[in-house]
Structures are given as C-alpha cells and as structure tokens.
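# Results of the structural survey
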Amino acid sequence: MTQSEQHRQSAVDAWSALLRVHANLVPHLDAELRRDFGLPLAWYDVLLELDGVEPLRMTDLGERVVLSRTRVSRLVTEMTAAGLVARESNPDDGRSAFVAITDAGRERLHAAAAGYLAGIERCFADKLDPDELHTLAATLGKILGPTDLAITPPRSS
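Starting from 1, residues in each chain are numbered consecutively following that chain's sequence as written. Since the coordinates come from a predicted model, pLDDT governs what is reported: local features require at least 70, and pairs of side-chain atoms require 80 or more to be given and counted, while whole-chain, interface and lining totals use all residues. The basis for every side-chain value is the complete set of heavy atoms in the structure, and neither hydrogens nor water enter the calculation.

The subject of this paragraph is the nonpolar core. The nonpolar core is taken to be a set of buried Ala, Val, Leu, Ile, Met, Phe, Trp, Tyr and Cys residues, with the residues joined through side-chain atoms within 4.5 Å. Buried residues are those whose accessible area, probed at 1.4 Å on protein chains only, stays under 20% of the maximum for their type, while exposed residues exceed 50% and partly exposed ones sit between those limits. Formed by 29 residues in total, the largest nonpolar core has its most connected members in Y44, L47, L50 and L61. Going along the chain from the N terminus, every DSSP run of H or I of four or more residues is numbered as a helix, and every run of E of two or more is numbered as a strand. With seven residues, the top contributor of residues to this core is helix α2 (residues 41-50).

This is the structure in structure tokens:
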C-alpha cells in the first residue's frame, strides 16, 4: 500500500469511527435526558444556545444548533407550547422572528445540565485519558476552526 493509499485509508477509518461514535452516543444521551428530565437532546441544545444571550433570529439559532430552518421552526413551536422559549416578532423584518429562552426554559436547562454533563463523562470522557481528550479536542478544532468548538455548560443565573 502506498503512502497515499495509507493516508486515504486512515482518513476513511477516522471518519467512520467519528460517525459511529456520534451515531451511538447521541441517541443514548437523548434517551437519558428524556428519561431523567423530560427534555429531548435537541431541546437541550436549543436552550443551551439561547441561555445568556440576546434573543436570536431563527436562522441564527438554526446555524448554532445545526438544524434546518424547518426543523428549528418545528422545535421552537413545540418548545413555545411547553413554555420553554418565546417567539418574538422582528420589528425590522416581518418575515423573521426572534427566539428567547423563558425563565421556565432556563430552569429546565439548569436542572438537566449536571445530568447531561455526567452522561458525557460516563459515555465519552471516561474512556479517554486527559491527554487523549486534549488531543481529540485540538484535532477536531483544527477541522472546525476556533469558533465552532466552543462547547460550554449553561451559565449560572
């Protein structure tokens, strides 16, 4: 096998492993959040992005949580009905709306945060030593760029 072929095979192996890890861990974390806090992972992600920031335009929220505009709109409708977020009209553009976290949404986010972080520790971080975690974060950060890897816990009230 040539060096180029080895590089290509390593790339395919790494990509495949990344996809398998994602496919296995995300549904597990989602199930835990639903079971323990009645909060789907997608809702948790939306609340996390809205916590501590000014209301976001729907398109900006969609980019932050990496969902389609249609999917974000559906989530926001469900979360509004549950009292976790509020949709506000955009006075400058009648075609768009802002979304803001409510006090109830912030309370649910903060209640679920410790459980979510514990799930990340148990299902992911505990399988790697600190050096491996650092290397993985740095490596993925190279691919994403410095602003896209900012994974932060919810802010305290």
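The discussion continues.
Right, let's get into the sheet that holds strand β1 (residues 56-57). Each pair of strands is called paired provided DSSP finds at least two bridges between the two strands. Reading across the sheet, the three strands line up as β1-β3-β2 and stay open at both edges, with antiparallel pairing between neighbours. The sheet terminates laterally at β1 and β2 (85-89), the two strands that pair on one side only. Bridge count between β2 and strand β3 (residues 97-101): five bridges; the pairing is antiparallel. Of the residues in β3, the one forming a bridge with E88 is F98.

In this model, helix α1 (residues 3-37) (35 residues) spans 49 Å end to end at C-alpha, consistent with the 51 Å of a helix rising 1.5 Å per residue. Of the residues making up α1, those classed as buried are L25, L29, D30, E32 and L33. Each element contacted by the buried residues of α1 is listed here: α2 and α5 (103-123). Backbone geometry just after α1 places G38 at a positive phi near 60°. Given the number of residues in a helix, its expected span is that number minus one, multiplied by 1.5 Å. Only heavy atoms matter for contacts: two residues are in contact if any of them lie within 4.5 Å across the pair.

Bringing the packing of α2 against helix α3 (residues 58-65) into the picture now. Axis separation between α2 and α3 bottoms out at 10 Å; the angle between their running directions is 115°. The handedness of the crossing between α2 and α3 is right-handed. Residues D45, V46, E49 and L50 of α2 touch α3, and the partners they reach there are L61, R64 and V65. Only the stretch in contact is used when fitting a helix axis, every axis being a line fitted to C-alpha atoms; angles between N-to-C directions are given from 0 to 180 degrees. In this scheme the handedness of a crossing depends on how the near helix is turned from the far one: anticlockwise by less than a right angle means left-handed, clockwise means right-handed.

What follows concerns the environment of S73. For S73, the location among the structural elements is in helix α4 (residues 69-81). Discounting residues that sit within four places of it in the chain, S73 has contacts with M58 and R87.

What follows concerns a nonpolar patch on the surface. Taken together, the side chains of W15, L18 and L19 present a nonpolar region at the surface, about 310 Å² in accessible area. Locating L18 in the fold gives a position in helix α1. Look at L18 and you get partly exposed, because its relative accessible area is 38%. The patches described consist of residues with a relative accessible area above 30% and no salt bridge, like charges being joined within 9 Å and nonpolar side chains (Val, Leu, Ile, Met, Phe, Trp, Tyr) within 5 Å. Per-residue accessibility takes into account occlusion by the displayed protein chains alone, with areas from the Shrake-Rupley method and a 1.4 Å probe. Each reported salt bridge corresponds to a side-chain nitrogen of Lys or Arg within 4 Å of a carboxyl oxygen of Asp or Glu.

A separate point is the packing of aromatic side chains. Centres within 6.5 Å make a pair out of two Phe, Tyr or Trp rings, where for Trp the six-membered ring is used; the pair is then stacked when the planes are under 30 degrees apart, edge-to-face when over 60, and tilted otherwise. In this structure the tally under the stated criterion is one aromatic pair. With centroids separated by 4.4 Å and ring planes inclined at 45°, the aromatic side chains of Y44 and Y116 adopt a geometry described as tilted. Of this pair, Y44 sits in helix α2 while Y116 is found in helix α5, placing the two residues 72 residues apart along the sequence. As far as burial versus exposure is concerned, Y44 and Y116 are alike and both buried.

On to the pattern of salt bridges. Side chains that differ in charge, positive against negative, can pair when their charged atoms come close. By the definition in use, this model includes seven salt bridges. With a shortest N-O distance of 2.8 Å, D30 and R34 are connected by a salt bridge. Taken as a pair, D30 and R34 lie in helix α1 at a separation of four residues, close to a single helical turn. Under the relative-accessibility criterion, D30 is labelled buried at 18%. Relative accessible area serves as the criterion here: at 47%, R34 is assigned to the partly exposed category. Taking the shortest distance from any N to any O, the salt bridge between E32 and R122 comes out at 2.4 Å. Of this pair, E32 sits in helix α1 while R122 sits in helix α5, and the two are 90 residues apart along the sequence. Look at R122 and you get partly exposed, because its relative accessible area is 41%. Because the salt bridges share partners, they merge into one network encompassing D51, D103 and R106.

Function cannot be inferred from these measures alone, as they are strictly geometric.
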